[in-house]
Amino acid sequence: MRKITIKKDDVNRIIEHAKNRLPDEACGLIGGIDNEDGVREIRKVYLLTNTDHSREHFSIDPKEQLQAVKDMRSEGIKPLGNWHSHPESPSRSSDEDIRLAVDSEASYLILSLMDIDNPVLNSFHVENGVSTREELVELDGIADRR
């Protein structure tokens, strides 16, 4: 099982952004590094626009995506994957999430807001049509504010 770390402050930013976008799904990118010990470290979270404005699927604004990737390059980090919310369903890969997961190297974070007071964030690796949960570890610390 692949391990991925994220700062608690970044988790809170994702939750706040997703709640502010209800009833639609919210989305964004994650950037960071793959450590020598095999642990993925999310160093920056990008809160982007769902151009579909839908509660059942998302498309990331291409201009914002390009700007985020440029920012990652300037920061010396790489794209690790994306995140999106499920306003009304559990934190697991839907059939559509699996079908659209074209990058087998990516981590896919899914935030469930089914219970708005108890959001659940999980990370998944999808390869050959199979979604596998990753070990997501929240770290204390101050996140980048972008």
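These numbers come from a predicted model, not from an experiment.

Some remarks on the pattern of salt bridges
Then step 1. Applying the stated criterion across every chain yields a total of 9 salt bridges.
Then step 2. Close ionic contact of arginine 13 with aspartate 10 constitutes a salt bridge, the shortest N to O distance being 3.1 Å. With arginine 13 and aspartate 10 both in helix α1 (residues 8–20), this residue pair falls 3 residues apart, about one helical turn. Residues arginine 13 and aspartate 10 agree in their burial class; the two are buried.
Then step 3. We note a salt bridge from aspartate 34 to lysine 78, for which the minimum N-O separation is 2.7 Å. You can see aspartate 34 sitting in strand β2 (residues 27–34) and its partner lysine 78 sitting in strand β4 (residues 78–86), a full 44 residues away along the chain.
Then step 4. Connected through salt bridges with shared partners, the residues Asp34, Arg40 and Lys78 form a single ionic network.

A short note on α1
Owing to its 3.6 residues per turn, the α-helix aligns residues three or four sequence positions apart on the same side.
Then step 1. Taking 1.5 Å of rise per residue, 13 residues should cover 18 Å, and α1 covers 18 Å from first to last C-alpha, within 8% of that figure.
Then step 2. Along α1, the residues classified as buried are Asp9, Asp10, Val11, Arg13, Ile14, Ile15, His17 and Ala18.

Regarding the sheet that holds strand β5 (residues 107–112)
Then step 1. Strand order in this closed barrel of 7 strands is β1-β3-β2-β4-β5-β6-β7, and the pairing throughout is mixed. Ignoring which end each strand starts from, the neighbouring axes of this sheet average 35° apart.
Then step 2. Summarising the sheet, β5 and strand β6 (residues 120–127) pair through 5 bridges and their orientation is antiparallel. Within β6, the residue paired with leucine 111 across the bridge is leucine 121.
Then step 3. Along the sheet face, helix α2 (residues 62–75) touches β2, β3 (40–48) and β4 and points at about 145° away from the line of β3.

Reading the values: the criteria
- Residues numbered from 1 in each chain as written.
- Predicted model: local features only at pLDDT ≥ 70, side-chain atom pairs only at ≥ 80, totals over all residues.
- Heavy atoms only, no water.
- Salt bridge = Lys/Arg side-chain N within 4 Å of Asp/Glu carboxyl O.
- Helix = DSSP H or I, 4+ residues; strand = E, 2+ residues; numbered from the N terminus.
- Buried < 20%, exposed > 50% of the residue type's maximum accessible area, 1.4 Å probe, protein only.
- Expected span 1.5 Å × (residues − 1).
- Pairing = 2+ DSSP bridges.
- Axes fitted to C-alpha atoms, helices over the stretch in contact; angles between N-to-C directions.
- Contact = heavy atoms within 4.5 Å.

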